[in-house]
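So the chains spell out like this:
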Amino acid sequence: MKQAVHFGAGNIGRGFIGEILHQNDFEIAFVDVNETIIDALNTQKEYDIELASDAHESIHVNNVRGINNAKKPEEVITAIVNADVVTTAIGPNILPFIAQLLAQGIHARRIANNATPLDVIACENMIGGSQFFLSKVKEYLDEADLTYVNQYIGFPNAAVDRIVPNQANIDPLHVIVEPFCEWVVDESQMKNKELQIKGVHYANDLEPFIERKLFSVNTGHATVAYNGAAAGYTTITEALTNADIMATLRQVQAEIRALLLAKFDFTETDLVAYHDTICERFANPYIVDKITRVGRTPIRKLGYDERFIRPIRELNARNLPCDTLIATVGKIFTYQDKNDQQAVELQAKLLSTPLTDVIKDVTSVTDVALISKLEAAVKANLKVKN
Ligand SMILES: NC(=O)c1ccc[n+]([C@@H]2O[C@H](COP(=O)([O-])OP(=O)(O)OC[C@H]3O[C@@H](n4cnc5c(N)ncnc54)[C@H](O)[C@@H]3O)[C@@H](O)[C@H]2O)c1
Ligand SMILES: O=P(O)(O)OC[C@@H](O)[C@@H](O)[C@H](O)[C@H](O)CO
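Residues numbered from 1 in each chain as written. Chains lettered and ligands numbered in written order. Predicted model: local features only at pLDDT ≥ 70, side-chain atom pairs only at ≥ 80, totals over all residues.

1. Overview of the UniProt feature "domain: Mannitol dehydrogenase C-terminal" (unreviewed entry) in the protein
Heads up, the rule is: UniProt positions are given in the numbering used here, feature names are shortened, and annotations may be inferred rather than shown by experiment. A run of H or I in DSSP counts as a helix once it spans at least four residues, and a run of E counts as a strand once it spans at least two, with each numbered from the N terminus.
The residues that UniProt annotates with the feature "domain: Mannitol dehydrogenase C-terminal" (unreviewed entry) are residues 205–361. Secondary structure content for residues 205–361 is 71% helix and 0% strand, while the C-alpha to C-alpha distance between its ends is 31 Å.

2. A look at the sheet that holds strand 12 (residues 201–203)
For clarity, the cut-off: The pairing criterion is simple: DSSP has to find at least two bridges between the two strands. Helix axes are fitted to C-alpha atoms over the stretch in contact, other axes to C-alpha atoms as well, and angles between N-to-C directions run from 0 to 180 degrees. Two residues qualify as a contact pair if the distance between their C-beta atoms, derived from the backbone, is within 7 Å.
The sheet built from three strands is open, its strands ordered 9-11-12 with mixed pairing. One side of each edge strand has no neighbouring strand; the edge strands of this open sheet are strand 9 (158–161) and strand 12. Averaged over all pairs of adjacent strands, the angle between their axes in this sheet comes to 15 degrees, without regard to strand direction. Contacts from helix 7 (residues 207–230) reach strand 9, strand 11 (182–186) and strand 12 within the one sheet, and its direction differs from that of strand 9 by about 40 degrees.

3. A few points about the environment of Ile90
So the rule is basically this: The burial label depends on the number of other C-beta atoms within 10 Å of a residue's C-beta. Counts of 20 or more mean buried, 12 or fewer mean exposed, and intermediate counts mean partly exposed, with C-beta atoms placed from the backbone.
Mapping Ile90 onto the fold places it in the loop between strand 6 (85–88) and helix 4 (95–111). Taking the C-beta count within 10 Å as the criterion, Ile90 has 24 such neighbours and is therefore assigned buried. C-alpha of Ile90 to C-alpha of Lys349: the two residues are 259 residues apart in sequence and 27 Å apart in space. Residues contacting Ile90, with those up to four places away along its chain left out, are Phe7, Gly8, Leu95 and Ile98.

4. Observations regarding the confidence of the model for the protein
Quick reminder of the rule: Values of pLDDT, which run from 0 to 100, indicate the predictor's confidence residue by residue.
Per-residue confidence for the protein gives a mean pLDDT of 97; residues scoring 70 or more make up 99%. Across the interfaces of the predicted complex, the ipTM metric reaches 0.99, alongside a pTM of 0.97.

5. Things to note about helix 5 (residues 129–138)
If you check which residues of helix 5 are buried, you get Gly129, Ser130, Phe132, Phe133, Leu134 and Val137. Of the surrounding elements, those touching the buried residues of helix 5 are strand 6, helix 4, strand 7 (118–122) and strand 9.

6. Examining the domain arrangement of the protein
Formally: Domain start and stop positions are those given by an automatic or database domain assignment. Think of it as three bins: nonpolar holds Ala, Val, Leu, Ile, Met, Phe, Trp, Tyr, Cys and Pro, charged holds Asp, Glu, Lys and Arg, and polar takes everything else, Gly as well.
Looking at the assigned domains, one finds that the protein contains domain 1 (2–204) and domain 2 (208–385). Each of domain 1 and domain 2 has a C-alpha centre, and the two are 28 Å apart. When the residues that make up the side of domain 1 that touches domain 2 are grouped by side-chain class, the tally is nine nonpolar, five polar and two charged.

7. Focus: the site of ligand 1
Definition in use: Any residue qualifies as near a molecule or strand once its backbone-derived C-beta atom lies within 6 Å of it.
Near ligand 1 there are 27 residues, and of these Gly8, Gly10, Asn11, Glu124 and Asn125 occur at the shortest range. Examining the composition of the shell around ligand 1, we find that three residues originate from one element, helix 1 (residues 11–23), more than from any other. Its residues assigned to classes, the shell around ligand 1 comprises 16 nonpolar, eight polar and three charged.

8. Some words on the site of ligand 2
Taken together, the neighbourhood of ligand 2 is formed by Asn125, Asp161, Arg162, Ile163, Val217, Asn218, His221, Val294 and Arg296. Ranked by the residues each element gives to the shell around ligand 2, the list is headed by helix 7, at three residues. The residues that make up the shell around ligand 2 include at least three from each of domain 1 (2–204) and domain 2 (208–385).

9. Quick look at the UniProt feature "domain: Mannitol dehydrogenase N-terminal" (unreviewed entry) in the protein
As annotated in UniProt, the feature "domain: Mannitol dehydrogenase N-terminal" (unreviewed entry) corresponds to residues 3–199 in the numbering used here. For residues 3–199, helix accounts for 35% and strand for 26%, while the C-alpha atoms at its two ends are 17 Å apart.

10. Observations concerning the nonpolar core
Counted only if it meets this: For this analysis, nonpolar core means a set of buried Ala, Val, Leu, Ile, Met, Phe, Trp, Tyr and Cys residues linked through C-beta atoms within 7 Å.
Among the nonpolar cores identified, the biggest contains 112 residues, and Ile80, Leu102, Phe133 and Ala158 are the most heavily contacted of them. Among the elements that line this core, the one with the most residues is helix 7, at 11 residues. Two domains each put at least three residues into this core: domain 1 (2–204) and domain 2 (208–385). Excluding residues within four positions of it along the chain, Phe133 makes contact with Thr88, Leu95, Ala99, Val120, Ala122 and Phe155.

11. Comments concerning the packing of helix 7 against helix 14 (residues 323–332)
Here is the rule: With respect to orientation, any angle under 35 degrees is reported as roughly parallel, any angle over 145 as roughly antiparallel, any angle of 65 to 115 as roughly perpendicular, and every other angle as oblique. A clockwise turn of the near helix away from the far one marks a right-handed crossing, whereas an anticlockwise turn of less than a right angle marks a left-handed crossing.
For the pair helix 7 and helix 14, interaxial distance at closest approach is 9 Å and the crossing angle is 55 degrees. The angle between helix 7 and helix 14 falls in the class oblique. Where helix 7 crosses over helix 14, the two elements pack in a sense that is left-handed. When helix 7 is examined against helix 14, the residues Thr223, Tyr226, Asn227 and Ala230 are found in contact with a partner set consisting of Thr328, Lys331 and Ile332. Grouping the amino acids of the contact of helix 7 with helix 14 by side-chain chemistry returns three nonpolar, three polar and one charged.

12. Quick look at the sheet that holds strand 10 (residues 175–177)
The three strands are arranged 4-3-10 in an open sheet whose pairing can be described as mixed. On the outer flanks of this sheet lie strand 4 (58–62) and strand 10, each paired with one strand and no other. When the angles between neighbouring strand axes are averaged without regard to direction, this sheet yields 25 degrees. Sheet topology places strand 3 (residues 46–51) next to strand 10; three bridges connect them, and they run parallel. Along strand 10, the bridge assignment pairs Glu50 with Ile176. The strands touched by helix 1 are strand 3, strand 4 and strand 10; relative to strand 10, the strand with the most contacts, the crossing angle is about 80 degrees.

13. Description of the environment of Ile67
Locating Ile67 in the fold gives a position in strand 5 (residues 64–68). Separated by 51 residues in the primary sequence, Ile67 and Leu118 place their C-alpha atoms 20 Å from one another. Among residues more than four places away in sequence, those in contact with Ile67 are Ala29, Val31, Ile38, Lys72, Glu75, Val76 and Ala79.

Here it is in C-alpha cells:
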C-alpha cells in the first residue's frame, strides 16, 4: 500500500482528505496532538464519514493509524521518510509550529537516500498555503537539505472545499460532512507528477481556483457569520433565515463576481451558478455549523491576502464597488467570542489603541483612502450597536 502522512486529524482531515487518500489505496498516518483522536485511531483503525443529506450515506475509511507528534516525533519522522505523499489540514496559524518536524523528516529522508519524489500539500484555507509552509520549513534545513528539497520535494499549493462543522459524536472519529467536495492541486509545483490521486483536480494554474473558492465560499461564509453574530444568531442556517443577511450575502457575491470576471476567464453564468450552489450549501438543513467556527480567528481573516481585505483592495484598485464587503469588515471589528483568543485580542486592541492604528495593524492596508473607508465602516457599526 502507498503511505500517506496527514497532519491534523480534525474535521476536514478525517472528513475529506482521509476519504480521498483511502479511496486511492493509501495507508494513512494521521498526526495530531489530540490524544482522544489519536488513541481512537490506533484502537479502532477505521472510521465512518456520514454525508449530511436525505440518504445519510456512509463512507468507510480503514487502514488508518494515529501518531501524537508531541509525544512521538520520531515516529512522524520515520513516517515521512517512507511517505508517498504528505498533506496537512491543521490551520494556517499552526503550520509554523510543525515546520521543524517536517524539516526533520525531510532531513532523515535525504540521509536514507530516498530519491522518490514527494509532494507536501497544505490543504488550508489560504492563498499559497504550501509555499508558505515551505518558507517556514526552510528555516530548519541546512544547505544539503535545501538542495535535496529543490530536487525531490514539491510544495504544490491547493484549494480544498467541503463544509465540515465542529461536532461531538459518541464515536470521536465519526464525522458528518456535506456531500459537496472539491480538491484542486497546482500541478506545476509538483515533484511527483506520476502520483495522480483520483478525486483531485490537477490544475496548471491554481490562482483562479483558489481565489474563486476563498472569495466565494469563505468570504460568503464569513459574511453570514459576522453579520449573523451582529444580529444575535448562533448558527449559519439560522442567520440565513434573515432576509437582510441573505441579501448581504448575495450582494457580497455580486461584488466578488465582478472581481473574478475582471481577473479570470470565468463566465458570469458559471459564477452565478457557483454562487447559487454555495447559498444552498450554507443552508443545508442537515448541518449545524456554529457561527463561532466560521467566524473563528478574526484577526487571521482580516489579513492582507485574506478573504475580505484582498478582494476589497483589488476591487478598490479597479474602481469597482466593494461597499458590502467593507461594511462586513466593520462587523468583524465588533465580533465577540470569549472562547476565541483572536476575538478577545482584537477587542482588547480596540480598547487600548486608536482605531486607525488597529486597522493598519491587522489588515496591513497602507492606502490612506481605503483605511478611512474601513474606519467609517467600523464606526458606523459601533453606532448601530450603541
Ligand atoms: N472544516 C472545514 O469545513 C474546512 C474546509 C476546508 C478547509 N479547511 C481548512 O482545514 C484546516 C483545518 O480545519 P478543520 O476545520 O479541520 O479544523 P480542526 O480544528 O477540526 O482540525 C485541526 C486539527 O489540527 C490539530 N492540531 C492543532 N495544533 C496541532 C499541532 N501543533 N500539531 C498537530 N496537530 C495539531 C487539532 O488537534 C485538530 O485535530 C484549516 O486550515 C481550515 O481552514 C476546513
Ligand atoms: O476554516 P476557516 O476558519 O478558514 O473558515 C471557516 C469556514 O468558512 C471554512 O472552514 C469552510 O467551512 C470551508 O472552507 C468550506 O470548504
